[in-house]
Amino acid sequence: MTIPSHPGSLTRADLDALRPAEGSERYELLDGAIIVTPGPGRWHQAVVVELTVLLRSNRPDGLVIKTAPFDVALAEDTVLQPDLLVAGRDDLTAKDLPTAPLLAVEVLSPSTRRIDLLLKRDRFAAAGVPSYWIIDPDVPSVTVLELHDGAYRAVQMRRGDEPVHVTMPFPLDFRPSDLLLE
């Protein structure tokens, strides 16, 4: 993870100016600081692809599935890119999602684990994201968090072949091991 040096708090405009036109790194803005992380590895990508297919095949009309890099603009000084998100089609602009998604999913990797488990989790909760999933491809496991009174509460923690049943943002059944297919 690299955080470029810059005096003062940065904004969305600064983020747009600093991002290269091409590259595999992910650029995010967290409380006015730019965070640059390396591109995802093999198992991270496998989970994102499998979960995207699973969600798209079960989503109701009016909802969309987006994968990173796609900006979620939570504030002028916070623009995050969850690995995967579910949002209302009408909530999207051509450039980003300027409001909280219905679901944000992060797939843990060595370079982003602490950011995903602490910082992003806190920011998504503060923004009112109703459901936040944390997937660890090394185990494999899925932790489903739901927002209650402004804080996330773990409602499911499943490993391997244990079934996951969610109702938010729509009903879905799967197993963590299903997400590691190639």
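Analysis parameters
- Residues numbered from 1 in each chain as written.
- Predicted model: local features only at pLDDT ≥ 70, side-chain atom pairs only at ≥ 80, totals over all residues.
- Heavy atoms only, no water.
- 1 Å grid on protein atoms, 1.4 Å probe; cavity = no way out; pocket = protein on both sides within 12 Å on 5 of 7 lines; lining within 4 Å.
- Points joined across faces, edges and corners; volume = space filled by probe spheres on them.
- Helix = DSSP H or I, 4+ residues; strand = E, 2+ residues; numbered from the N terminus.
- Nonpolar A, V, L, I, M, F, W, Y, C, P; charged D, E, K, R; others polar.
- Expected span 1.5 Å × (residues − 1).
- Bend = angle between axes of the 7 residues up to and from the residue.
- Buried < 20%, exposed > 50% of the residue type's maximum accessible area, 1.4 Å probe, protein only.
- Pairing = 2+ DSSP bridges.
- Axes fitted to C-alpha atoms, helices over the stretch in contact; angles between N-to-C directions.
- Contact = heavy atoms within 4.5 Å.

Enquirer: What should I look at first to understand the layout of surface pockets in this one?
Expert: Leftover empty space is mapped by rolling, across the atoms, a probe with the size of a water molecule. Approximately 150 Å³ is the volume attributed to the second largest pocket. Only α3 (113–127), β8 (131–136), β9 (141–148) and β10 (151–159) provide two or more residues apiece to the lining of the second largest pocket. In the lining of the second largest pocket, the residues fall into six nonpolar, two polar and four charged.

Enquirer: What's the story with α3 in this structure? I'm lost.
Expert: Under the 1.5 Å per step criterion, the end-to-end length of α3 is 20 Å for 15 residues, consistent within 8% with the ideal 21 Å. In the structure, α3 departs most strongly from a straight axis at K120, where the bend amounts to approximately 35°. For α3, the set of buried residues is I115, D116, K120, F124 and A125. Count one or two residues on from α3 and you reach G128, which has phi positive near 90°.

Enquirer: Can you walk me through the sheet that holds strand β6 (residues 84–88) in this structure?
Expert: Two modes of strand pairing occur in sheets, parallel and antiparallel, and in both the strands are linked by backbone hydrogen bonds. Taken in spatial order, the six strands make up an open sheet running β3-β6-β7-β8-β9-β10, and their pairing is mixed. Looking at the sheet topology across the chains shown, the edges are occupied by β3 (63–67) and β10. With strand direction ignored, the average angle separating the axes of adjacent strands in the sheet is 20°. As judged from the five bridges shared by strand β7 (residues 103–107) and β8, these two strands associate in the parallel manner. Within β8, the residue paired with A104 across the bridge is Y132. α3 contacts β7, β8, β9 and β10 of the sheet and is inclined by roughly 175° relative to β8.

Enquirer: Explanation requested: the environment of R113 in the structure shown.
Expert: Position of R113 relative to the elements: it lies in helix α3. A C-alpha to C-alpha distance of 9.2 Å links R113 and D136, two positions 23 residues apart in sequence. Ignoring anything within four residues of it in the chain, the contact list for R113 reads L108, D136 and D138.

Enquirer: How do you make sense of unusual backbone geometry when you look at a structure like this?
Expert: Among all residues save glycine, negative phi is the norm, and among peptide bonds the norm is trans. Cis geometry is found at the peptide bond from V139 to P140, where omega equals -20°. For P140, the position within the fold is in the loop between β8 and β9. Cis geometry marks the peptide bond from M168 to P169, where omega comes out at 0°. Tracing the backbone through its elements, the reader meets P169 in the loop between β11 (164–166) and β12 (172–174). Unlike most non-glycine residues, D31 shows phi in positive territory, near 55°.

Enquirer: Would you explain the environment of R19 in this entry?
Expert: Examined against the element boundaries, R19 turns out to sit in the loop between α1 (12–18) and β1 (26–30). The partly exposed category is assigned to R19, whose relative accessible area is 23%. Residues R19 and I34 lie 15 residues apart in sequence; the distance between their C-alpha atoms is 9.9 Å. If sequence neighbours within four positions are ignored, R19 has contacts with Y27, D71, V79 and Q81.

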